[in-house]
Amino acid sequence: MAFLGVEESLTGRRWVGPDAGEDRLAEAMEQATRLPAPLCRTLVRRGVPPEEAAGFLEPKLRDLLPDPRSLRDMETAAARFLAAVERRERIAVFADYDVDGGASAALLLVWLRAMGRQATLYIPDRIDEGYGPNDAAMAELARDHDLIVCVDCGTLSHGPIAAAKCADVLVLDHHLGAETLPPALAVVNPNRADEDGALGHLCAASVVFLMLVEVNRRLKAKETRGPDLMAMLDLVALATVADVAPLTGVNRALVRQGLSVMARRDRIGLVALSDVAGLDRAPTAYHLGFLLGPRVNAGGRIGAADLGARLLSTADPLEAAALAERLDALNTERREIEARVREAALAQAEARGLDSPLVWAAGAGWHPGVVGIVAARLKEAANRPAIVIGLEDGIGKGSGRSVGGIDLGAVIQRAVAEGHLLKGGGHKMAAGLTVAEDRIEGAMARIAELLDRQGAGAMGPSDLALDAALMPGAATVELIENLDRAGPFGAGAPAPRFAFPDCRILFAKPVGTGHLKITFGDGQGARIDAIAFGAMDGAMGRALAGHDGARFHLAGRLEVNSWQGRTQPQLRLEDAAPAG
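Below or above, wherever it landed, is the structure these notes cover. Note that the structure is predicted; figures quoted are calculated from it, not measured. (Residues numbered from 1 in each chain as written. Predicted model: local features only at pLDDT ≥ 70, side-chain atom pairs only at ≥ 80, totals over all residues. Heavy atoms only, no water.)

So, about the packing of helix H6 (residues 99-114) against helix H9 (residues 204-221). Remark: H6 packs on H9, axes separated minimally by 8 Å, with the N-to-C direction vectors making an angle of 15°. By the angle between their directions, the pair H6 and H9 is classed as roughly parallel. Regarding H6 and H9, the two cross each other, and that crossing is right-handed. Taken together, the residues of H9 that come into contact with H6 (itself represented by Asp100, Ser104, Leu107, Leu108 and Trp111) are Ala204, Ala205, Val208, Phe209, Met211, Leu212, Val215, Asn216 and Leu219. Classifying every residue of the contact of H6 with H9 gives 11 nonpolar, 2 polar and 1 charged. (Axes fitted to C-alpha atoms, helices over the stretch in contact; angles between N-to-C directions. Helix = DSSP H or I, 4+ residues; strand = E, 2+ residues; numbered from the N terminus. Parallel < 35°, antiparallel > 145°, perpendicular 65-115°, else oblique. Left-handed = near helix turned anticlockwise from the far one by under 90°. Contact = heavy atoms within 4.5 Å. Nonpolar A, V, L, I, M, F, W, Y, C, P; charged D, E, K, R; others polar.)

See below:
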């Protein structure tokens, strides 16, 4: 039976609440641990038994961090990197242009600076060079450097790595590997075909961090103290969240500790970026994913590709301020470009139909820097894997996003092997591709067929999972702070979601670009503010804005809103349904 009887909400979803078994487990945990009931319910939904609750609420890296040497080629990579440092060899860092690539590069640059060394940073231009190493760039770097470290890229770059004839190449990556590896000295990647996948959820920055752990271990064996790696966890946290890695296991511990490091405001690049973004409180995973991450990404999307990595690694306050301002301006421009492409792509996808195993759109002049974001929007709209492609000079460059349980990266690799795509790769939830314009229809049909075999075509509108019903008066700052002990929340670990039944809309006003701000109450004097981002583009926003006294069930996630020194609870509204 649907929760609160909501079979179809204003966003077309069925509401699903906790079952009787979860209720019993939550009650048992409350009795065993004396923890607050809402927190116990959250822990039960995470699959945490009572005896592990204390450890889950206080995750320790020393307990969860894997041995770096459990990854293939790690010892070779660490030994070669350390040898280059000790022999003062010329080192180049070749990085991807997204947050994970920029943070991975920054980790190496900051570590090297602490050791009194420097490295050349190279990040390819998204439009002119595309993703990953290319022959010309690698050959040129090899002429002037002894060691090239490829981060967040390189696993499928057989030709470009072979072109680096006069240098050793290390690959520190997490993208899905093929049956054969490139001719690098070491390829450290938990998603290599010959790995067991136990660490497949790590982002590239975490792989880099693990290598530095191994390098520091080797320095300690030589009675030399390495740089403070714990102070670099803010970079790992930013990359983990921005790359949408699941916040479970060691990832959760890395992000939790990284947020604590970031709150100290020691990294001047992140301080400058936080200031231009208006972040005036201790950061959360939400801020990393939706305030800081998009700004770091903006350089790689529509500006100079190296801006993000330079910001994250700089030690110059003036440079940090200038870079942060430029990235903030580029992010504003990116949003404008994205809005235009999103409108056109959604119209095209809707005309084609949103019930296919693959939702896709392609258009001339669509900026390659925003197609991934737009693909994510299509995926959310249809609950299907989505691909968006920008066309120029007969070539399409696209990006895809997937839904839970559907491995898009493997499908893209299969399509490349079969000759439908010029190139492509990625991981389960995201992928990139290049395709000839005259082969797009056939390629998308084949990808749709492969996705259908995984069940993508059978997916209906996603259910909205709810943890419990709550009255506005019970939504307090204290409750939210208790729930936050089970965080950080994000991919793979969603924040608790509550339903507020039978509420009256006391105030409703469209704000910003398509957003809606409301105040609602239960008729007993308690009230709470809510914000619904993008709601005015759909039926929910229009219904709430024009409520005309009607009552609604409201659903969303609670957060603390700080404004002018005051803190109060706020609902991030996700869904609504008429209350009878």
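Next comes the rest of the description.
Further remarks concern the nonpolar core. Grouped together as the largest cluster of nonpolar side chains are 96 residues, with contacts concentrated most on Phe81, Leu108, Trp111, Val149, Val151, Met211 and Leu212. Once residues lying within four places of it in the same chain are set aside, the contact partners of Met211 are Met74, Ala77, Ala78, Phe81, Leu108 and Leu172. Counting 26 residues, the second largest nonpolar core, distinct from the first, contains Leu470, Ile518, Phe552 and Val560. (Core = buried A, V, L, I, M, F, W, Y, C linked by side-chain atoms within 4.5 Å. Buried < 20%, exposed > 50% of the residue type's maximum accessible area, 1.4 Å probe, protein only.)

With that out of the way, let us pick up the layout of surface pockets. Computed from the structure, the second largest pocket encloses a volume of approximately 460 Å³. What lines the second largest pocket is a set of 15 residues, and nearest its centre among them are Val213, Asn216, Pro227, Leu229 and Met230. When the residues that make up the lining of the second largest pocket are grouped by side-chain class, the tally is 7 nonpolar, 3 polar and 5 charged. (1 Å grid on protein atoms, 1.4 Å probe; cavity = no way out; pocket = protein on both sides within 12 Å on 5 of 7 lines; lining within 4 Å. Points joined across faces, edges and corners; volume = space filled by probe spheres on them.)

Now for the pairing of strand S10 (residues 423-426). In terms of strand pairing, S10 meets strand S11 (residues 430-436) through 4 bridges, oriented antiparallel. When the sheet's bridge partners are listed, Gly424 is paired in S11 with Leu433. What sits between S10 and S11 in their antiparallel hairpin is a turn of 3 residues. (Pairing = 2+ DSSP bridges.)

For H6, with 16 residues, the first-to-last C-alpha span of 22 Å sits near the 22 Å given by 1.5 Å per residue. In terms of burial, H6 is a largely internal element, 14 of the 16 residues being buried. By the N-cap criterion, in which a side-chain oxygen at the helix start approaches the backbone nitrogen of a residue two or three places on, H6 is capped by Asp98, the distance to Asp100 being 3.3 Å. Positioned one or two residues after H6, Gly116 has a phi angle of 75°, which is positive. (Expected span 1.5 Å × (residues − 1). Polar contact = N/O pair within 3.5 Å; in protein donor to acceptor, adjacent residues only side chain to side chain.)

On to the pairing of strand S15 (residues 515-521). Of all 7 residues in S15, 5 are buried, a share of seventy percent or more. Strand direction decides the pairing type here: strand S14 (residues 498-511) and S15, joined by 7 bridges, are antiparallel. When the sheet's bridge partners are listed, Pro510 is paired in S15 with Leu516. The antiparallel pairing of S14 with S15 creates a hairpin that spans 3 residues between the two strands, and Gly512 there sits at a positive phi of about 60°. The turn linking S15 back onto strand S16 (residues 527-532) is made up of 5 residues, and Gly523 within it adopts a positive phi angle of 85°.

Structurally, the position occupied by His145 is in the loop between helix H7 (135-144) and strand S4 (147-151). A polar contact of 2.8 Å, which involves the side chain of His145, links it to the side chain of Thr120. Reaching out from His145, the side chain makes a polar contact with the backbone oxygen of Leu141 at a distance of 2.9 Å. Once residues within four sequence positions are removed from consideration, His145 is found in contact with Arg90, Ile91, Ala92, Thr120, Cys166 and Ala167.

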